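# Summary of structural features
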Amino acid sequence: MALSGLKVIEFAGLAPGPFAGLILADNGASVVRIDRPGASSNDILCRGKKSAAINPKIPSGKAALLRLVSSADVLIDPFRPGVMERLGLGPEVFLGTHNSPGLNEKLIYARMIGFPRTGPHKDMAGHDINYLALSGVLSILPGTEEKPSFPINILADFAGGGLTCAMGILLALVERGKSGRGQVVDADMVSGSRYLSSFPLLGLASRSSSMMGARGSRLLDGGAPFYNIYTCQDGRWMSVGCLEPAFFKAFIERFVKAVPSGFTLDGWIPTADMQFDTEEWPKLKEYLTKGFATNGRDYWTQVFHGTDACAVPVLTTEEAAALDLSRSLFPVPHPRVINQTRRPEIPKKVGPESLVLRPGQHTREILAELGLDDAQMAEMVREGAIGISNAREILHFSNKPGDLVSCPQVDQWDFSDCVQWIVIDARVFDLSRFQNLHPGGVSVLNDEEIAGQDATEAFFALHRQEVLERPQYKRLQIGVIAGEKSVIKAPVPGDISKVPYAEPSWLVEGFHSPYFTENHRKFQVAVRKFVDEHIYPEAQIKEEDGTKLSQELVDKMTSLNFHAMRLGPGKHLKGLTLMDGLVKPEEFDYFHELVINQEVARCGARGYGDGLLSGMVIGLPPVLNFGSDELKARVVPQVLQGKKFICLAISEAHAGSDVMGLQTTAVKSEDGKEWIINGTKKWITNGTFADYFTVGCKTEDGFTVILVERGEGVETKPIKTSYSSSAGTAYITFDNARAPIGNTLGEEGGGIFVMLKRWVMCCSSARAQRGIVEECLKWTAQRKAFGKPLNSQAVIRAKLAAMISRAESTQNWLENITYQMCNMVGIITQSVELDQAFVQSYKQQAGKLAGQIAFLKAYSTSSGQQTAADAVQIFGGRGITRTGMGRFIEHYHRTIAFDALLGGAEDVLRDLGVRQALQEVSMERTKL
Ligand code: HEM
C-alpha cells in the first residue's frame, strides 16, 4: 500500500485528527494513537490503529513519548495552540531550531486546529458549526429564508479539517522526499472550509449570477426547480440535478410522460425551453412537486434510470451500502489507487470490531518495541506514566442467542469492572444469574483469577466442552470478543474425529482398506449422521434416567429399516428399502452390519445401547430361521416395524454360560396343543418391555426353543445391574405360562441352536474401546499436572501406547473375521431359500469361525478391561465420577464387565476356541 512503512503518532482527539490518522492507516501507515492512561475513548475512527496510553506529564512517560516520536515519520497534534509546547513536545523539540538540532528532523509535524493559529479566535474553544460560521461558508448554505442550515459536521471537521490535514501530510512527505527535511503542517478548519468552498466563494466574489440573490432563490440552493429534492408518494425522495439544457430536456420529457395521463396544472405542462425562464420557475416547481407525489420513489427511479436526466433516488444509508462495491455499511477507503498491471483489490469488509480501540490496548507491545521490559513497564504503571488495558471489546448478541447485533452495541468491557462476566474461548458469558446454581459452587467463580477474566484454560480443565452446548448454559452467552475467534469446535453431527486413533483407520484420510467399498463408506456417513442426530442425544438422557428408548426413535429407525439391518444380511431384507435406498438388500453384507454396530457403540451409553433392541438382534433370528411360516408372518413384521419387542431368554440363575444346565421346563398340555412352561430366567436384556420371549427350555427329549408371548403366567421384573435400566434387564418368571405348539422354534428336543452373535459384541466392544482412547488422548493433552500437560509424562504415554495397540489390533482382527464371514456367508445371503440350507451354512461358518470369534471376543473384552483400568488411572478421581470430564471413562469402566460376560465369560470362550483347535489337531493326526 502507498503508505506502508510510514510510522504515525496520533495524539488522541475528536473527529478531524482521528480522520486524518484513519486516512493514513487505511493506506498502509502504522498509526499509534496516544491516549491518556485511564481514559476511555468513544473514537470510532480507529480502524487499523493501535493505542498506547502514555502520560507526558510524568517524566518516564514523556521520555517514552520522546523516544517514540523520535523514530516516527508523522505526528498528528489535535490540541489547541501551545498545548504540545507546554508538554515539551512542540515541533522545535523534534525538528530543531536555527541554533539547536532536533530529535527527529525528518518528522512531519501535522497540527490540526479549529480557528486559525494566529488569529483573534486562536485560544477559543469551538466546533465544526463555529468554524463553518467563521469561514463564511455557513452563510451561503441552504436553509430557510431566515437562516442557513448546517450539514451536520461533515464540512469543517472532515472536509476542511481531517481530509485537508491528511493532504497536508502527503504534501509534506513529498517535500521531505525532495529536501530531506521534516515539515510542519498547519491546518485549521476555518481556512480549510474556506479553501474547500472555493467554487461558491469565488462565484460570489466574481458576482456570478448563479450565486446572486436571496437564500433559496439561487441556482444551487433550492431556487432552481431543476436542482432540488422532491418528495414522492411514499414519502421517500428523488434528487434532481439537470442543470444543462440537454439534461433538463431529457428529464422533463420523461417526467411529463411518466405522470398519470391528464396530469396538468390547469392545462399547463412544462416544456424543455422553459428551463431558465425564472418567471416560470414557481409553476415548474409546483408541477414537479405535485407530479412526483403521484408515484413512489422506486417508480421514479425506474423512469430515469439509465438516462441523462440527472434524477436518482435519495437512498437510505443501508440502501447505499447495498449498492456500494464493498456491500458494507462502513464506508471503505477512497480513492482507490490502482496499479494497471495488477488486478484491482476488492475493498476489505470491516466489522463492528473496527470501531473500537481501547486506550492502552497496545501499550505493552509498543513499549516493548522501544526496548522496555516488563519490570520497567510495571514501574511506569505504578507511577501513572502509562496505562495497560486489560479490557476487551465485546460484540453483544441480540435477543436471539447467537445473533450478533450491529455495531452500536459494541461495548468496551474492562474485566475488572464486570466480575460476573467471563470469557471462554472468545465467548462471553454472564454468570450473574447462574453463579448460585453452578454445580461447581459459587466460590470458584469468584476467584480473582476467574471472575471477570478469560477463564478458558480453567474451564476446559474442569468441564467437557458439551457443557456449553447444553441449552440451559448456552443461554448464558451474551456475546463474543471482537476480533477473536473461538478455536474449540463443537462436534458436528456426522463428523469424523480428527484425533489420531479415534476412528478405525479405514475412516481416516490417507488410509486405505481392502475391505470397505464406496458403498460402505456412503453407508457409514449416513449411519453416523443418523446416530449423531437421533440416537446419541437420546442415549445420553436415557442412560441416566433409565427409561426405555422412545417409540419416536424406534419409528425413525423403522423408517430406514434399521432394525432389519441390525439382523445382518439375509432374506429378511428382501424387498426392503434400506437407509433410504443407499444400499440394496442383496448388497448388504457384514461390513454394513459392522458399520451399524460400531456407529451405535460410539454413543458411549452401554445400558441404553442394549436397550436399543439388542434383545431383538438375538431373539428374532431363531424365529426367522426356525419358526413356522404362520408364526413368522405374525411375529416378524411386527418386530421389524418396531411395533412389538422381542428378547432372548436363555440364561438362568443356575446356568449362565452353561446353557445345558437350564432348569426351565416345557411340558405339553394334555391335549398336546400347547407347551406349559415353568421356571425363571435371569439377566434377560429388553425383558422388562418385551412382548415376545424366545425361551430355552428343558423338554422331554432334550432342549427346545419356544416363542412365548407375554400374557398369563409370564412375569417380568427389572434387575438392577451396574448399567442403566434402560436396557430393560429382567428377571422372568414363567408360572404355567402357555405357548401353542406351533411356537416351537426348530426341532423338539433338537437343542438350543441360537446364534449368540458374539461377533456383534466384538464390533461394539472394539469401537467402545477406541472411544476411550480418544478421551484419553484429548484429556492428557489438556490436563496440566505439575505445570505440564499430562502427556509429557512417559508413564502416561506408555499407557496410551498400550491402549492404542489394543484398539488397533482388535479392530484389524475384527475386520479380517468380518471379511471371512462375508465370503463364507456369501453362500447364505444369495442362495438361502430353505431354512435348513441356512443352518448348514451357518454351521459351516461356525465350524471355521467360532473359535476365531470366541478368541476375538475374549481378547477384545479383556483388552477393553485393561484399557478401562488404564483410563481410570489417567483420569484419576474423574475416572470414577459419573458426571463431568471423566464421565465416559467412569461409564466404560463400570460397564465393560457386561461385554466381558455377555455371550460367554472370557475363560469359557478361550477354552472353546482352544478345544475347537485341539479337535482339529487330533483329527489331522499331525505329529512334531
Ligand atoms: C459458562 C460457565 C460455566 C458453566 C456453564 C459451568 C457448568 C458446570 C457444570 C455443569 C458442572 C458439573 C460438572 C459437569 O457436568 O461438567 C460444573 C462443575 C464445576 N465447575 Fe463449572 N461451569 C462454568 C464455569 C466455571 C468456571 C469458570 C470455573 C472455574 C474454575 C468452574 C469450576 C467448576 C468446578 C471446580 C466444578 C466441579 C468440577 C468437578 O467436580 O470435577 N466452572 N460446572
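Just so you know, these numbers come straight off a predicted model, no measurement behind them.

### A word on empty space enclosed by the protein
Inspection of every chain in the model, using the stated rule, returns 1 cavity of 30 Å³ or more. Quantified by volume, the largest cavity comes out at close to 50 Å³. Lining the largest cavity, in full, are Glu503, Pro504, Trp506, Leu507, Gln524, Arg528, Leu594, Val595, Gln598, Glu599 and Arg767. Those elements giving two or more residues to the lining of the largest cavity turn out to be α19 (518-545) and α22 (590-601). Across the lining of the largest cavity, the residue classes break down as 5 nonpolar, 2 polar and 4 charged.

### Brief notes about the packing of helix α5 (residues 128-135) against helix α6 (residues 154-179)
For the pair α5 and α6, the least separation of the axes is 7 Å and the interaxial angle reads 80°. Considering their axes alone, α5 and α6 lie roughly perpendicular with respect to each other. Of the residues in α6, those in contact with Asp128, Tyr131 and Leu132 of α5 are Ile154, Leu155, Ala156 and Asp157. Residues belonging to the contact of α5 with α6 are distributed by class as follows: 5 nonpolar, no polar and 2 charged.

### As for the packing of aromatic side chains
For the coordinates displayed, the defined rule picks out 33 aromatic pairs. For the pair Phe459 and Phe460, a centre-to-centre distance of 5.2 Å together with 90° between the ring planes defines the contact as edge-to-face. For the pair Phe459 and Phe460, a shared accessibility class is recorded, and that class is buried. When the centroid spacing of 5.4 Å and the interplanar angle of 35° are considered together, the rings of Phe530 and Phe562 count as tilted. Pair noted here: Phe530 is in helix α19 and Phe562 is in helix α21 (residues 562-566), with a separation of 32 residues, a long-range link. Each member of the pair, Phe530 as well as Phe562, is classed as buried.

### Details of the nonpolar core
Membership of the largest hydrophobic core comes to 65 residues, with the highest contact counts inside it found for Phe523, Ile535, Phe562, Met616, Leu620, Val623 and Trp759. Mapped onto the domain boundaries, this core takes at least three residues apiece from domain 4 (518-745) and domain 5 (758-924). Beyond its immediate sequence surroundings of up to four residues, Ile535 is in contact with Phe530, Leu553, Met557, Val600, Cys603, Tyr608 and Leu612.

### With respect to the pattern of salt bridges
Going through the model one piece at a time under the given rule, you end up with 50 salt bridges. The partner of Arg236 in a salt bridge is Asp234, and the shortest N-O contact between them spans 3.2 Å. Overall, the relative accessible area of 39% leaves Asp234 in the partly exposed class.

### Some details on the site of the ligand
Taken together, 21 residues form the shell around the ligand, and within it His438, Gly440, Leu445, His463 and Tyr473 come nearest. A distance of 2.8 Å is found between a nitrogen atom of the ligand and a side-chain nitrogen or oxygen belonging to His438. Between His463 and the ligand, the recorded distance is 2.7 Å, taken from a side-chain N or O atom to a nitrogen atom. Taken together, the elements giving at least two residues each to the shell around the ligand come down to β13 (421-424), α16 (443-446) and α17 (456-462). Here the shell around the ligand is built from residues that sort into 15 nonpolar, 4 polar and 2 charged.

### Let's talk about the domain arrangement of the chain
With domains assigned, the chain is organised as domain 1 (7-196), domain 2 (214-231 + 237-313), domain 3 (391-481), domain 4 (518-745) and domain 5 (758-924). Domain 4 puts 31 residues into the contact, and the matching count from domain 5 is 33 residues. Between domain 4 and domain 5, a total of about 2600 Å² is buried, with carbon and sulfur atoms accounting for 60% of that surface. For domain 4, the biggest contributors to the area lost against domain 5 are Tyr590, Gln598 and Arg606; these three give 24% of the whole.

### Some thoughts on helix α20 (residues 551-559)
Taken residue by residue, α20 has Leu553, Val554, Met557 and Thr558 as its buried positions. Along the axis of α20, the buried positions cluster into a sector of 145°, meaning they face one direction only. Those residues of α20 that are exposed and angled more than 90 degrees off the buried face are Glu552 and Ser559. Just beyond α20, the residue with positive phi is Asn561, at close to 60°.

### Let's talk about the sheet that holds strand β1 (residues 7-11)
Pairing within the open sheet is mixed, and its 7 strands lie in the order β6-β5-β4-β1-β2-β3-β10. Of all the strands in the sheet, the pair left with one neighbour each is β6 (183-188) and β10 (386-387). Across 4 bridges, strand β4 (residues 74-77) lies against strand β5 (residues 108-113) in parallel orientation. In the strand pairing of β5, Asp77 is matched with Arg111. Running over the sheet, helix α7 (residues 189-196) touches β5 and β6 and is turned about 75° from β6.

### Concerning the coordination of the iron atom of the ligand
Coordination angles at a metal have ideal targets, namely 109.5 degrees for four tetrahedral donors and 90 or 180 degrees for six octahedral donors. Around the iron atom of the ligand, the protein contributes the donor atoms His438 (NE2) and His463 (NE2), at 1.9 to 2.0 Å from the metal centre. Around the iron atom of the ligand, the 6 donor atoms are arranged such that angles at the metal cover 84 to 177°; this shape is classified as octahedral. Pair noted here: His438 is in the loop between β14 (427-430) and α16 and His463 is in the loop between α17 and α18 (471-474), with a separation of 25 residues, a long-range link.

### Focus on the pairing of β13
Both faces of β13 are covered, namely the face carrying Trp421 and Val423 and the face carrying Ile422 and Ile424. Note that β13 and β14 share 4 bridges and pair antiparallel. By the bridge assignment, Ile424 is partnered in β14 with Arg427. Counted along the chain from β13 to the antiparallel partner β14, the turn is 2 residues long, and its residue Asp425 has a positive phi close to 50°.

### Structural notes on unusual backbone geometry
Backbone geometry follows two general trends: most residues other than glycine have a negative phi, and most peptide bonds adopt the trans configuration. Omega for the peptide link from His334 to Pro335 comes to 0°, which places this bond in the cis form. Backbone geometry at Ala426 places phi at a positive 70°, although glycine is not the residue there. Secondary-structure assignment places Ala426 in the loop between β13 and β14. Phi at Leu613 is positive, roughly 65°, even though this residue is not glycine. Note on placement: Leu613 falls in the loop between α23 (606-611) and α24 (614-619). Relative accessible area serves as the criterion here: at 3%, Leu613 is assigned to the buried category.

### Let's talk about the UniProt feature "domain: Cytochrome b5 heme-binding" (unreviewed entry) in the chain
In the UniProt entry, the feature "domain: Cytochrome b5 heme-binding" (unreviewed entry) is given for residues 421-482. With 24% helix and 21% strand, residues 421-482 has its two end C-alpha atoms placed 15 Å apart.

### Remarks on helix α11 (residues 281-292)
Under the 1.5 Å per step criterion, the end-to-end length of α11 is 16 Å for 12 residues, consistent within 8% with the ideal 16 Å. For α11, the full list of buried residues reads Trp281, Leu284, Tyr287, Leu288, Gly291 and Phe292. The buried side chains of α11 occupy one side of the element, clustering within an arc of 125° when seen end-on. Where α11 is buried, its residues touch α9 (219-223), β7 (227-231), β8 (237-241), α10 (245-258) and α12 (297-304).

### Digging into the environment of Val635
Tracing the chain through its elements places Val635 in helix α26 (residues 629-640). Since its relative accessible area comes to 0%, Val635 is described here as buried. Val635 sits 11 residues away from Ile646 along the chain, and the two C-alpha atoms are 9.3 Å apart. In contact with Val635, other than residues within four places in its own chain, are Leu620, Val623, Tyr692 and Leu707.

### Regarding the side chain of Glu890
By the secondary structure assignment, Glu890 is in helix α30 (residues 887-901). For Glu890, a relative accessible area of 9% puts it in the buried group. Among residues more than four places away in sequence, those in contact with Glu890 are Gly879, Ile880, Thr881 and Arg882.

Rules used in this analysis
Residues numbered from 1 in each chain as written. Predicted model: local features only at pLDDT ≥ 70, side-chain atom pairs only at ≥ 80, totals over all residues. Heavy atoms only, no water. 1 Å grid on protein atoms, 1.4 Å probe; cavity = no way out; pocket = protein on both sides within 12 Å on 5 of 7 lines; lining within 4 Å. Points joined across faces, edges and corners; volume = space filled by probe spheres on them. Helix = DSSP H or I, 4+ residues; strand = E, 2+ residues; numbered from the N terminus. Nonpolar A, V, L, I, M, F, W, Y, C, P; charged D, E, K, R; others polar. Axes fitted to C-alpha atoms, helices over the stretch in contact; angles between N-to-C directions. Parallel < 35°, antiparallel > 145°, perpendicular 65-115°, else oblique. Contact = heavy atoms within 4.5 Å. Phe/Tyr/Trp six-rings, centres within 6.5 Å; stacked < 30°, edge-to-face > 60°. Buried < 20%, exposed > 50% of the residue type's maximum accessible area, 1.4 Å probe, protein only. Core = buried A, V, L, I, M, F, W, Y, C linked by side-chain atoms within 4.5 Å. Domains from an automatic or database assignment. Salt bridge = Lys/Arg side-chain N within 4 Å of Asp/Glu carboxyl O. Near = heavy atom within 4 Å. Polar contact = N/O pair within 3.5 Å; in protein donor to acceptor, adjacent residues only side chain to side chain. Buried area = accessible area lost by both parts, 1.4 Å probe. Arc of directions from axis to C-beta. Pairing = 2+ DSSP bridges. Donors = N, O, S within 2.8 Å, 3.2 Å for Na, K, Ca; no water. Tetrahedral: all angles 85-135°; square planar, octahedral: opposite > 155°, others 65-115°. UniProt positions renumbered as here; feature names shortened; annotations may be inferred. Expected span 1.5 Å × (residues − 1).

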